[in-house]
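Architecture at a glance
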Amino acid sequence: SFDVNTLANEPLIVFCVATAGKGEFPGNGRNFWGKLNAKAAELKDACSGVKYTVFGLGDSHYWGKGTEESRVNFAKPAREVDELLAQLGAQRLMPIGFGDDQDVDQYHTGFGEWSSQLYSRLGVDKADAVADGDDGPVKPDEVLKCETNQLRGTLRASLDDVTTGQVPFVDSKLIKHHGSYQQDDRDLREERQKLGIENAFSFMIRVRLPGGFCTAEQWLAMHELADTYANGTMKITTRQTFQLHGVLKRDLKATFRGMNKACMDCIAACGDVCRNVLCTSNPSVCSRELMDEIMMYTYNIHDHCLPRTGAYHEIFLISGPEMEEKNLVMGSTPIEEDPLYGKSYLPRKYKVAVAIPPCNDVDVFAHCAGFIAIIEDGKLQGFNVTVGGGLGFTHNNQKTFPRLADVIGFCEPGDAKYVCEAVLTVQRDYGDRTNRKHARVKYTVEDYGPAWYREQVEERLGKKLGEQRPYRFTSRGDLFGWVKSEDGAWHCGTHVPIGRVKDNLKDGLGKVAMELKGCGIFRMTCNQSVLISEVPEAKKEIVSKILEEYGVPHSPETTVSGLRRNMMACVALPTCPLAFAEAERYLPTLVGRLEAVTERCGLRDTDIVIRMTGCPNSCGRPSMGEIGFIGKAPGTYNMYLGGDFVGHRLNTLFAESVTEDQIVELLTPIFGSFAQGREKGESFGDFVVRKGYVKPMTAGRLWWTLPQV
């Protein structure tokens, strides 16, 4: 928004310039840089009265430690601004400063030194009070959680403000705790900046759906809400629930109320709380009776750890003076503090999964806490308990890394919810609240050790955990096609590419839901697909015809290939503000090119787990894929190989900063070697480790030190 025509009239300018992509200007700076270059000839020698200084943000190892690319691209936009202003005749107030993500505390060291020098030059280093009207520094999340009246803030008023499509900064933090994220369409940012209008803001809404369980009626309700208020699609997430994208601020309350009418809500779908609890969806892993029992415990765990604040209902659901008056019963309580979470909730999100061997479709070791069902002689004996999983990290920040959970013991079925609470409260009391990048359960387990964590859990539980019981996982994928359970009901697994329910697939599943009203169930899967469940014998033929008519993939033939059946990706661009690169919109294209290779090698139907995310927050669990891609810049990814097929091992970095053509070139000979040299029953991930393409990742703490082969 800076007018370069007035540059020569400015006595002093301070620039803080970030780096995007491969030494490029960030989105909100490209316009300025283009205009400044266009006006350079006019401004030359006209800026002699201008003083300036520049602070640049970058990562000196982003394109590899010690590489020429990293040297050239480190804080390149900041250095270009500094050099051009000098050429125009402006006077440096002080030398350029740099904030390097490789420093121990990232940019803070460099910024502290540079800003101290700047304040000294300006004569304000000894100021002993903040000027009137200055809001001071941005408050950290821990302070915001405590100061916003149990997550209420000013959200009610913000959502009613029709003058803007966004909510204020603090409320954008708080709304996450109510199952929604403020986003904008990044594809439109540059165009809208040129027009001088605010970004195309909208909101993502995530539903709370334990075990991915919803009725046919609830599916239809989501279908209608997607058409009425969202972008016409539904997104099935890697954590077994729905997301709606593109909901405008003015429609948020109506969307929440529509979900509420269908007996769904978004409480604890996001935020620093126990989130949606996952459960294996494949009906062939156990009897119908056992599945119902384990789902009951899944709901017990989830409901037991729900936050109790009434803020969600007050902000989104209450409408009219009559409801306001009823709500005053809770509002009149002098101090409302959550009995489990207190005022500050958890240091970070808390993820839980329930797995039913031999299927690990939930990726149980990727979660803060996990429960592995132990079934003996057709009866549920209890659960092995896992703690300390989590996959998010930050590029080149070696204090962050993915980690798989440890099994710390065994509990009886009825104790599962109390064990989950104990794991949660240990993290509540001992988790790192000073650094959100180090605030997940995995770091507490890594810092204190699994044995210590078990002792803490047992102390809070009031009893000892048992020793873990034997179990075995043999798959992570979904069921495709029809299977009949012993109670006579039919279940059909359908494939939803990358979880995006749209076009014919959306129409077809909607028509199936109409047929199954009053009897059918839809189960979201952790691989972003849908299981149509509890189909009566009398309805099976008509459901099959609908699936065929609308081209809904539901068999090995219609799911195309082993790669396509096992691909997973996060949303990434254009709506996720954290994404460096494409994921959902791009992975099917890449898989299409790789399918041509696997077809030639005779691997078309071989299941290979391939995953991609646009950033290292890892919502698509790429570090557990046999092939994983994590975005670094537009069209550029780090490539990882060697995760095992059933989710017991992380993958290992194979190639940095590769493009599509390089990916295909690298994988082509490996696929060929796999086709010729694999052992009987050997998975792709195990093969690349055995043949030495990468070393096995034996522990998350080795993520940065384990060399590629």
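Look above for the structure.
Let me begin by describing the structure that accompanies this report. (Residues numbered from 1 in each chain as written. Predicted model: local features only at pLDDT ≥ 70, side-chain atom pairs only at ≥ 80, totals over all residues. Heavy atoms only, no water.)

**Description of the overall build of the protein**
When you go through the protein residue by residue, the secondary structure sums to 23 helices and 24 strands. For 709 residues, the compact-globule estimate of 2.2 N^0.38 gives 27 Å, and the C-alpha radius of gyration of the protein, at 27 Å, lies within 12% of that figure. Seen along its three principal axes, the alpha-carbon backbone of the protein occupies a region of about 85 × 70 × 55 Å. Out of the 709 residues in the protein, the part that is buried amounts to 56%. (Helix = DSSP H or I, 4+ residues; strand = E, 2+ residues; numbered from the N terminus. Rg over C-alpha atoms; globule rule 2.2 N^0.38 Å. Buried < 20%, exposed > 50% of the residue type's maximum accessible area, 1.4 Å probe, protein only.)

**Comments concerning the nonpolar core**
Among the nonpolar cores identified, the biggest contains 102 residues, and Trp 219, Tyr 350, Phe 371, Phe 383 and Phe 522 are the most heavily contacted of them. Beyond its immediate stretch of four places on either side in the chain, Phe 383 contacts Ile 294, Tyr 297, Val 354, Phe 371, Ile 372, Ala 373, Ile 374, Gly 409, Phe 410, Cys 411, Pro 413 and Ala 416. Counting residues in each nonpolar core, the second largest holds 40 residues, with Met 567, Ala 581, Ile 610 and Val 664 among its members. (Core = buried A, V, L, I, M, F, W, Y, C linked by side-chain atoms within 4.5 Å. Contact = heavy atoms within 4.5 Å.)

**Things to note about the environment of Thr 255**
Within the secondary structure, Thr 255 sits in helix H11 (residues 252-261). In this structure Thr 255 comes out as buried when scored by relative accessible area, which is 0%. When residues no more than four places from it in sequence are discounted, the contact partners of Thr 255 are Ile 205, Leu 225, Tyr 229, Leu 244 and Val 247.

**A short note on helix H21 (residues 587-601)**
Over its 15 residues, H21 extends 21 Å from the first C-alpha to the last, a length consistent with the 21 Å expected when each residue adds 1.5 Å. Within the sequence span of H21, burial applies to Leu 587, Leu 590, Val 591, Leu 594, Glu 595, Val 597 and Thr 598. Against the buried residues of H21 lie helix H20 (562-565), strand S20 (567-569), strand S21 (610-613), strand S22 (627-633) and helix H22 (660-677). Count one or two residues on from H21 and you reach Gly 602, which has phi positive near 75°. (Expected span 1.5 Å × (residues − 1).)

**Topic: the side chain of His 495**
Tracing the chain through its elements places His 495 in the loop between strand S16 (490-494) and strand S17 (500-501). Of the polar contacts made by the side chain of His 495, one reaches the backbone oxygen of Arg 564; its length is 3.2 Å. Not counting residues up to four positions away in its chain, the partners in contact with His 495 are Phe 480, Leu 505, Ser 529, Pro 553, Thr 559, Arg 564 and Arg 565. (Polar contact = N/O pair within 3.5 Å; in protein donor to acceptor, adjacent residues only side chain to side chain.)

**Focus: the packing of aromatic side chains**
Per the counting criterion, the structure on display carries 33 aromatic pairs. Among the aromatic side chains, those forming a connected cluster through ring pairs are Phe 671, Phe 674, Phe 684, Phe 687 and Tyr 693. If you follow Arg 678 out to its NZ or CZ, it ends over the ring of Phe 674, 5.0 Å from the centre. (Phe/Tyr/Trp six-rings, centres within 6.5 Å; stacked < 30°, edge-to-face > 60°. Lys NZ or Arg CZ within 6 Å of the ring centre and 35° of its normal.)

**Quick word on the state of the cysteines**
Under the definition given, this model contains zero disulfides. Free of any disulfide, Cys 492 has its nearest cysteine sulfur in Cys 519, 14 Å distant. In this structure Cys 492 comes out as buried when scored by relative accessible area, which is 0%. (Disulfide = S-S within 2.5 Å.)

**Let's talk about unusual backbone geometry**
In this chain, Pro 357 is followed by Pro 358 through a cis amide linkage whose omega measures 10°. Tracing the chain through its elements places Pro 358 in the loop between strand S11 (352-355) and strand S12 (369-376). Residues Leu 573 and Pro 574 are joined by a peptide bond in cis, for which omega reads 10°. Structurally, the position occupied by Pro 574 is in the loop between S20 and H21. Within the chain, Gln 240 stands out as a residue other than glycine whose phi angle is a positive 70°. Topologically, Gln 240 is positioned in the loop between strand S8 (234-236) and strand S9 (242-247).

**Thoughts on the sheet that holds S22**
With respect to topology, five strands assemble into an open sheet ordered S20-S21-S22-S23-S24, the strand pairing being mixed. Among the strands making up the open sheet, the edge pair consists of S20 and strand S24 (652-658). Across the sheet, the mean angle from the axis of one strand to that of its neighbour is 20°, orientation sign disregarded. Pairing between S21 and S22: four bridges, direction parallel. (Pairing = 2+ DSSP bridges. Axes fitted to C-alpha atoms, helices over the stretch in contact; angles between N-to-C directions.)

**Here we look at the pairing of strand S1 (residues 12-17)**
Going residue by residue along S1, you find Ile 13, Phe 15 and Val 17 tucked away on one face and Leu 12, Val 14 and Cys 16 left uncovered on the opposite face. For S1 and strand S2 (residues 51-58), the ladder comprises six bridges, and the chain directions are parallel. Bridge assignment links Ile 13 to a residue of S2, and that residue is Tyr 52.

These values are about where atoms sit, not about what they do.
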